[in-house]
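Fold and geometry: a report
Read off the chains here:
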Amino acid sequence: MQLQLKDITKRYGKKLALDSLSVTFTAGIYGILGANGAGKSTMMNLITDNISRDGGSITYDGKDILEMGGAFRAVLGYMPQQQGVYGQMTAESFVSYMGRLKGLRGRNLKDQVADVLALTNLCDVKHKKIGGFSGGMKQRVLLAQALLGEPKVLILDEPTAGLDPKERVRIRGFIEELAHDKIVLLATHIVSDIESIADEVMLLKKGKLIRISPPAELIASLPDTWEPVGVRMSLEDVYMYYLGE
Amino acid sequence: MGEWKRVFCDARRMSTVLLTALLSAVFFFAGRAPYFGPDFARVTILCERYFADLAAELRLTDEESIRKALDAEEQMLDNYYWYRTYGKDHESFDMMRSGIEGSRFLSSLERLDDEPALRAVMAAEAEIDELTSQLDHIAGYHDYIDSIGKQAYLQSMTSVFGGADSFARRNIAKTASEFDLLRDVEVEFGSNRAYEGFVTYELADYFYLCVIVIFVFAFLEERNVGICGVVRSCRYGRGRLGVHRILILALASILSVILIYGGGLLLSVSLSGDLDDLGRAVQSLECFRTLTVKRTIGGWIAEYMLVKAACGFAVGMILWCLLGTITNAQYSFAALCAVVFTEYALFSFLPRQSIFNPVKYFNIFSYIRTSVLYTDYLNINLFDHPFGIRDISLGCLPVITIALIALTLIMANVRHPEGHRDLLSRAAGVWDMLTDKWRCSMTAGGWEIYKSLFHQHGAFILAIVIIVGGSLNFESTIVLTDNEKDIWYQAYLRDLAGPLTDAADEYIASARASSLDDPDRTAALDKVEAHINELRRRAEAGAYEPVIVSDAAFRSVYGADAAYTQRMNASILMIFVIAVCASVMPYEERSGMVYVLRSQKRGRGAVFAYKTAAAVIMTFVACASVYIREISAFISHADSGILSSSIRNLDCFADSPFIMTVWQYMLALYAVRCAAVLSLSFVVLYVSSYTKTVGASYAALFVLLGAPALLYALGVDMMGHITPVCIISAAGPMWEFIKNGRASAMTSTAVWVTAGVLMLILCKRRWCSCKRPHIRQFMETINAKSGSQKG
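Residues numbered from 1 in each chain as written. Chains lettered and ligands numbered in written order. Predicted model: local features only at pLDDT ≥ 70, side-chain atom pairs only at ≥ 80, totals over all residues. Heavy atoms only, no water.

**Some thoughts on helix 32 (residues 694-713) of chain B**
All names here are of chain B. Where helix 32 bends most, the angle comes to about 50°, and this point is Phe702. All of the buried residues along helix 32 are Val694, Ser697, Leu701, Leu705, Gly706, Pro708, Ala709, Tyr712 and Ala713. At its buried positions, helix 32 is contacted by helix 27 (563-581), helix 28 (586-591), helix 31 (662-688) and helix 33 (725-729). Once helix 32 finishes, Gly715 follows within two positions and takes phi at roughly 110°, a positive value. (Bend = angle between axes of the 7 residues up to and from the residue. Helix = DSSP H or I, 4+ residues; strand = E, 2+ residues; numbered from the N terminus. Buried < 20%, exposed > 50% of the residue type's maximum accessible area, 1.4 Å probe, protein only. Contact = heavy atoms within 4.5 Å.)

**A few points about the interface of chain A and chain B**
Opposite the 34 residues of chain A that make contact, chain B presents 36 residues. Between chain A and chain B, a total of about 3,200 Å² is buried, with carbon and sulfur atoms accounting for 55% of that surface. Counting across the interface, chain A meets chain B through two salt bridges. The residue Asp432 of chain B makes a salt bridge to Lys129 of chain A at a minimum N-O spacing of 2.6 Å. Elements with a minimum of two residues in the side of chain A that touches chain B: helix 3 (70-73), strand 6 (76-79) and helix 4 (91-101) of chain A. In terms of residues, the side of chain A that touches chain B owes the most to one element, helix 4 of chain A, which gives eight residues. (Buried area = accessible area lost by both parts, 1.4 Å probe. Salt bridge = Lys/Arg side-chain N within 4 Å of Asp/Glu carboxyl O.)

**A closer look at the sheet that holds strand 9 (residues 200-205) of chain A**
All names here are of chain A. Read across the open sheet, the six strands follow the order 6-7-8-3-9-10; overall the sheet is mixed. One side of each edge strand has no neighbouring strand; the edge strands of this open sheet are strand 6 and strand 10 (208-213). Neighbour-to-neighbour, the strand axes of the sheet open up by a mean angle of 15°, direction not taken into account. Bridging between strand 3 (residues 28-34) and strand 9 involves five bridges; their strand directions are parallel. Bridge assignment links Tyr30 to a residue of strand 9, and that residue is Glu200. Sheet strands touched by helix 6 (residues 135-147): strand 6 and strand 7 (153-157). Its angle to strand 6, the strand with the most contacts, is close to 170°. In this fold helix 10 (residues 235-243) packs onto strand 3, strand 9 and strand 10, with an angle of close to 30° to the strand it touches most, strand 9. (Pairing = 2+ DSSP bridges. Axes fitted to C-alpha atoms, helices over the stretch in contact; angles between N-to-C directions.)

**Digging into the pairing of strand 2 (residues 15-26) of chain A**
The pairing of strand 1 (residues 2-12) of chain A with strand 2 of chain A spans eight bridges and is classified as antiparallel. Looking across to strand 2 of chain A, one finds that Tyr12 of chain A is bridged to Lys15 of chain A.

**A short note on the sheet that holds strand 4 (residues 55-60) of chain A**
Residues and elements named next belong to chain A. Overall, antiparallel pairing links the four strands, which are arranged 2-1-4-5 in an open sheet. The open sheet is flanked by strand 2 and strand 5 (63-64), the only strands paired with a single partner. Alignment of strand 1 against strand 4, held across five bridges, turns out to be antiparallel. Considered in strand 4, the bridge of Lys6 is made with Ser57. Against the sheet, helix 1 (residues 40-47) makes contact with strand 1, strand 2 and strand 4, and its axis sits at roughly 120° relative to strand 1, the strand it touches most.

**Considering the domain arrangement of chain A**
Residues and elements named next belong to chain A. Splitting chain A by domain gives domain 1 (1-75 + 153-245) and domain 2 (83-150). A C-alpha centroid distance of 25 Å is found between domain 1 and domain 2. With 14 residues of domain 1 at the interface, the matching set in domain 2 holds eleven residues. Buried surface at the junction of domain 1 and domain 2, both sides included, amounts to about 990 Å², of which 65% is carbon and sulfur. (Domains from an automatic or database assignment.)

**Remarks on the state of the cysteines**
Residues and elements named next belong to chain B. Per the counting criterion, the structure on display carries zero disulfides over all chains. No disulfide involves Cys287; its nearest neighbouring cysteine sulfur is the one of Cys311, lying 18 Å away. No disulfide involves Cys311; its sulfur sits 12 Å from the nearest other cysteine sulfur, which is in Cys396. (Disulfide = S-S within 2.5 Å.)

**Describing unusual backbone geometry**
Residues and elements named next belong to chain A. Positioned with a positive phi, Asp49 is a non-glycine residue whose angle comes to about 55°. In this structure Asp49 comes out as buried when scored by relative accessible area, which is 14%. One non-glycine residue with positive phi stands out, namely Glu150, at about 45°.

**Description of the packing of helix 9 (residues 193-200) of chain B against helix 14 (residues 297-325) of chain B**
Residues and elements named next belong to chain B. Interhelical geometry of helix 9 versus helix 14 gives an angle of 20° and a closest axis separation of 12 Å. As far as their axial angle goes, helix 14 and helix 9 are roughly parallel. Crossing geometry of helix 9 relative to helix 14 is assigned as left-handed. Contact residues: Tyr195, Phe198 and Val199 in helix 9; Ile297, Trp300, Ile301, Tyr304 and Met305 in helix 14. Of the residues that constitute the contact of helix 9 with helix 14, the class distribution is eight nonpolar, no polar and no charged. (Parallel < 35°, antiparallel > 145°, perpendicular 65-115°, else oblique. Left-handed = near helix turned anticlockwise from the far one by under 90°. Nonpolar A, V, L, I, M, F, W, Y, C, P; charged D, E, K, R; others polar.)

**Quick notes on the environment of Phe217 of chain B**
Residue placement: Phe217 of chain B occurs in helix 10 (residues 202-219). In sequence terms Phe217 of chain B and Leu319 of chain B are 102 residues apart; their C-alpha atoms lie 9.3 Å from each other.

**Overview of helix 25 (residues 519-542) of chain B**
All names here are of chain B. Compared with an ideal rise of 1.5 Å per residue, which puts 24 residues at 34 Å, helix 25 spans 34 Å between its outermost C-alpha atoms and is within 8% of the ideal. Taken as a whole, helix 25 has its buried residues at Arg521, Ala524, Leu525, Val528, His531, Ile532, Leu535, Arg538, Ala539 and Gly542. Following helix 25 by one or two positions, Ala543 adopts a phi angle in the positive range, close to 55°. (Expected span 1.5 Å × (residues − 1).)

Right, here's the structure in full:
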């Protein structure tokens, strides 16, 4: 299982959002760190084929994802950064509907819906309309739909934003459990989330890949002269060192 | 001050208000139009002016002279009608030449084509009837007042009306005493049309309601964008803001009255009014025959405007309280709809004499249709005492208003906007829980239809479409003849209707015998015989069964005579299709779900197919609401057996190269129409896919498709080049194609259908591909380019 991005370029008018980005993902959790506008969401939208690329190729197990079309999307789970949901639907209806769009049906659909609602702790509110949910609850609904259909590639854009610490730790643990046979791309500003679960951390700056290494390696790469932000060296220091102005 | 500025300086809101006022004026004018087609505006103005001039001319004349003048005028119009129909052949030709020169109205008609001129004459004849009716009212008014007094006296002598303390007795006494005060009222003849038109223009009340709703919605904006808490946390975000909003609503009510009713009155007076008439007693207007207060027309208008403003304010407060009390925007809207529909049903359908009539008049619609309180006289039984409907409704108005102001201020200060603890939200929660099982079992296609019908209000719009479709007219008036010979000819054909057999010859023979050598009947029978021989000849040549059918019903629904009716109905159908399909694509953008949907396995082609299917289903329902009624109108007036007869039996298709029955023709016509309407729905889908909100989609489609269609239907021929109305009505091209076999007549239809399919393909590509530029992004790119060029 391999997802490969090769020389990916994306422009918005004159602005270069991604500059010849090349990276290969295999099973595991990849934390993506970058300042606002670094190109994290653009990269995710390119993988999900929601925006067009200006150059390069993306392949899954050696096949171009554009050629794969529906076959690639069948192994894809995507949770976007924006909390776009159908406010009039209940949580259960929404997840069922998304399950239908993933091609699930019958008992399989019913079981998977029940499972993901339980995993995201939404069972108590599954009959409530999403429009009345808090930001954190909407986040969990979106995560639930991304987990449907046992995706092989899971793209999570800010999955823990707006969640309370307890919920964040729970979701984080859950993602860690999932990752053994999946490619999980996790973009977040909450550095501690990545530090504890990511196998590798990808640093993006102005559309360029600065570095991709395991967290420990990144921390070790900091110069001895660097003054830690907290009591000890952490990914926050890596962020400040590599990505800070 | 900030709230005043926010409400009154919002360009979108204020332009909607102005557009509503403009629409009110347009519909008022259209309501006065005797017909729609070329020169309809000119005909309308001519007819209105004719009425005003005639009324002014006869105003100070005695009753006898007015009657004579009206009779003479009617005779002249009648002569002119036949003169225009038959030209020099008509016996009145010479007489008419001098009549035309002496009449400004007829001289103006000379410059018009036959169709608008004849329609104008028919409208003018109706106006003469209106003036005669007014004259009867003026002449009989005091007798009417006397009769009420006498009736009251007689009834008070009858024991069947109960004792002195009964409601019936009190009602009789009250009615008699109120009408007795009107004995000295002097009713005068004059140009009533302007004021009666103003009073009876019901749509203005609903346009006024729309404007009030627009302002009330402005107060609920913070809830819709989710900043209720922020506003309430501000120092002046509660009571003081509430006071400002109450004052804003009051000002908005006054301004809206000036805009809608003032504008309407001005238009009405300028069309057919005379300012001298303002000093007459309001009872001079026939619709105020039962009004028991003494007012001049001018005085009544001033009072009515003030009352309307107060009523508008009260209605606004009621709506605001209703919408504001329920926290959830969707539920509050549902509750509002339920209340408004219930009130409307009670107001419209409850009989006047029902024992429940207090709920008919003590009703929100009494404050919306306020003119009813002045034109209807009725006393309601409240604890065995009679109370006039106007006294009750207007007497309660200040009390209701004060109570609503107090409630609003309490709500603004005390009520917590968050929490969803209202009863309706709880009930909806239970409903959701019960129905979730059913919804979860829906397929993806079922979901798309469900979303279109319930999330995007498609079901609500379709209900309106079906109701409005019922008020459409499908038949055009066909002037057959007033010629004695032709009248006999039509009568013989009616008798002979059905398959053409030898019995027809026997009928003709016996009719000849009984015609008593009447030249008209003999000539008519000759014509029938010639027609029958022609039918036989054609049937023999074309190898079909000859049938005698009148093509009048066919022509009045599908023929060239019905071109304007068809055009109007096609325009309205276009508006229907825009209304039901415009929200299908932008809904996903508004929900922010486009990327999530597109990332699913079946989120591209399949979702698009389902969306298209939903649009097609709703389009078919809209089509059916119009076309089923049209077919029904045709069948109810057509001769029996017309459907199965060959189209060549119809005079209009005598030379058609096609051998087909009438029902096959209709099948082909409706198939072409459905294809054209489906193409329209595809165009709507494509255009709306470029917009990000439902509102923007409606606005863009109305400008691109709706407005040109309506203008064309109203007679602006220039718009025919840019609107597909003729293609959608299909009657013209199909008529030409079937009549003469000219395939080129269908070229525009073929182009339109191809364009529709192309748009659907482009729309699919747009949904499935990642290049999804929107109008706003186009504008940003253009701005950026122009900025860089300037730089």
